[in-house]
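Here are the chains, one letter per residue:
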Amino acid sequence: MRRLSKSKLLAYRQCPRRLWLEIHRPDLNITNAETEANFLVGHQVGDIARGLYDPNGKGVLINIESEGFDQAATHTQALLGSKQPIFEGTFVTREALVLSDVLLPVHQGWRMVEVKSSTSVKDYHRDDVAIQSLVARDAGLALKSVSLAHIDNTWIYPGSEDYQGLLVEEDLSDQAFSRNGEVRQWIAGARQTMAGGEPEVATGPQCSTPFACGFYTHCSAFEPQAEYPIAWLPSFRKTEMLRKEGILDMKDLPDAISLTEKQQLVRNMTLSGKSYFDAEGAVADLKPHPLPGYFLDFETIQFAIPIWKGTKPYQQITFQFSIHRLGVLGKLQHEAFLDLSGNDPSRAFAEKLIAACGDNEPVFVYNAAFERTRIAELAERFPALEKRLLNINERIVDLLPVARERYYHPSQKGSWSIKAVLPALVAELSYDNLEGVQNGGGAQAAYLEAIHPQTSENRKQTLERQLLEYCKLDTYAMVRLWQVFAGKTHWRL
Ligand code: SF4
């Protein structure tokens, strides 16, 4: 009988079709970069957890790859007679198998800790520990408690590879131990699913929750596709309800469904193929913020496990900015900051930003919450720069609400991101012509590659050029959007 691993049971919990496809058609699975990145982070956190739970190095790490499941399970059982921490302890029953991140000896038994790279306990973690507990107990473990350890994103890294405090534990024993019946039902259901044909499950919210499913291309291939998907309607909460009734297209939206003004606008423009532009309103919005002005954009990087002293897990750390200054007569100047040294770029970033942003002029951004929050974080970290940094925040003018209120083109497909608005408003500007880095995710990947010690100087220079060009285009795009909104299209910029 084929045993079910915990990950297969969790796949079943997400969607029976997913489990079936993982077993019978793994070739159809398209792994995305995010899934791979999460996997890597999980490994890093696991390594650190072993150091934290076993500071004296007395524990034993079961090597599942070299030992195989059955040998690993025998090895684990042998270690249960000892009093040392066990990592990747393996438990098998006739039907299922689980690996436990951390097992610690306690009075007359063991304490289990599952380690996650998330910053809180999620519902699927509760399923996870319920499965772990049942299978390990069925396999003979005297399990006294089970906890979930996750990352504390308020913790500040003190440096010197000291990770005490990175993880916080939540005791889930009661919740896990009371769900044995449920878990047995999942195991039975999963077995039945595996033995049958491909389940007929339509795509839906489960395809991205709790994890992006790699079979989406396969599952959606033969489903009817809308020409004008209802999902393009902004902040529309009835998409799923309508989908269940087979209504996917804005064309087919029943009259009884009420729409907000914005949703109605998107629907009308989409179906008519026309664009909307309240030019007078846009000019009026920008009038209180006369030139000269700055156009600013940041690039940031996050590390689940901080690498720089004074930073927090998952903190967005600014490593690059681009700024265009537009004078009263349309003269355009550009400045940039990019630190690829591999050291914490924050202080130099903050100082250069202050120097580049002037004193009184408006600072235009697109989606102000992001830049404002980063600047406030820098101000908190560097009190000596606080006043001047917060002065920039006070001058920030957000172009996103202007775009959202005054402009819509059907090609935006319900989005007002700068990359959706730009091609509609300024057709000759495109991110597609950029070499290498073309979006925020690409910028982060380029940054990580550039600071890697094994990256050659040549490659680093190429990445530097690509990053500079990408971020420069972001702020130039903002200048061009401003130009249209401010009614200055006659300026040659
Ligand atoms: S894409 Fe959606 S429907 Fe298809 S297997 Fe995955 S979760 Fe299930």
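This one's a predicted model, so the numbers in the text were calculated from it and none came from an experiment.

Novice: I'd like to hear about the site of the ligand, residue by residue, with values.
Specialist: Looking at the ligand, there are 13 residues lining it, with Cys-15, Arg-18, Cys-207, Cys-213 and Cys-219 nearest. When residues of the shell around the ligand are traced back to their parent elements, those giving at least two are helix H2 (16-24) and helix H8 (216-220). Counting residues per element, the shell around the ligand draws most heavily on H2, which supplies three residues. Taken together, the residues that form the shell around the ligand break down as eight nonpolar, three polar and two charged.

Novice: Please provide a residue-by-residue account of the domain arrangement of the protein, values included.
Specialist: Many structure descriptions define interface size as the accessible area lost when the parts assemble. According to the domain assignment, the protein contains domain 1 (4-195), domain 2 (223-274) and domain 3 (281-485). A per-class count over the side of domain 2 that touches domain 3 returns six nonpolar, two polar and no charged.

Novice: Account for the packing of helix H1 (residues 6-14) against helix H7 (residues 180-195), naming residues and giving values.
Specialist: Between H1 and H7, whose axes approach to 10 Å, the crossing angle comes to 85°. Taken together, H1 and H7 sit at an angle that is classed as roughly perpendicular. Between H1, through Lys-8, Leu-9, Tyr-12 and Arg-13, and H7, the contact on the second element is made entirely by Trp-186, Ile-187, Gly-189, Ala-190 and Thr-193. Partitioned by chemical class, the residues of the contact of H1 with H7 number five nonpolar, two polar and two charged.

Novice: Mind laying out the sheet that holds strand E13 (residues 396-398), listing which residues take part and the relevant values?
Specialist: Read across the sheet, five strands follow the order E11-E10-E9-E12-E13 without closing on themselves; strand pairing throughout is mixed. At either margin of the open sheet sits one strand with a lone partner, and together these are strand E11 (332-338) and E13. Averaged over all neighbouring strand pairs, the angle between strand axes comes to 25°, with direction disregarded. Here seven bridges tie strand E10 (residues 317-326) to E11, and the two strands are oriented antiparallel to one another. By the bridge assignment, Gln-320 is partnered in E11 with Leu-338. Against the sheet, helix H12 (residues 346-356) engages E10 and E11, with an angle of about 10° to E10. Helix-sheet contacts for helix H17 (residues 440-451) involve strand E9 (293-301) and E10, and the interaxial angle to E9 is about 60°.

Novice: Describe the pairing of strand E4 (residues 96-106), with residues and values.
Specialist: Summarising burial for E4: eight of the 11 residues are buried, a large majority. In the sheet, strand E1 (residues 4-5) pairs with E4 via two bridges, with the strands oriented parallel. Residue Ser-5 lies in a different strand from E4, and its bridge partner there is Leu-97. Across six bridges, strand E3 (residues 86-92) lies against E4 in antiparallel orientation. Residue pairing in the sheet places Gly-89 in a bridge with Ser-100 of E4. As consecutive antiparallel partners, E3 and E4 are separated by three residues.

Novice: Would you mind going over the packing of H17 against helix H18 (residues 457-485) in detail, with residue names and values included?
Specialist: Interaxial distance between H17 and H18 falls to 10 Å at its minimum, and their mutual angle equals 150°. Taken together, the axes of H17 and H18 lie roughly antiparallel to each other. The two elements H17 and H18 cross, and the hand of that crossing is left-handed. When H17 is examined against H18, the residues Ala-443, Ala-446, Tyr-447, Glu-449 and Ala-450 are found in contact with a partner set consisting of Lys-460, Leu-463, Glu-464, Gln-466, Leu-467 and Tyr-470. For the contact of H17 with H18, the residue count by class is seven nonpolar, one polar and three charged.

Parameters and conventions
Residues numbered from 1 in each chain as written. Predicted model: local features only at pLDDT ≥ 70, side-chain atom pairs only at ≥ 80, totals over all residues. Near = placed C-beta within 6 Å. Helix = DSSP H or I, 4+ residues; strand = E, 2+ residues; numbered from the N terminus. Nonpolar A, V, L, I, M, F, W, Y, C, P; charged D, E, K, R; others polar. Domains from an automatic or database assignment. Axes fitted to C-alpha atoms, helices over the stretch in contact; angles between N-to-C directions. Parallel < 35°, antiparallel > 145°, perpendicular 65-115°, else oblique. Contact = placed C-beta atoms within 7 Å. Pairing = 2+ DSSP bridges. Buried ≥ 20, exposed ≤ 12 C-beta atoms within 10 Å, placed from the backbone. Left-handed = near helix turned anticlockwise from the far one by under 90°.

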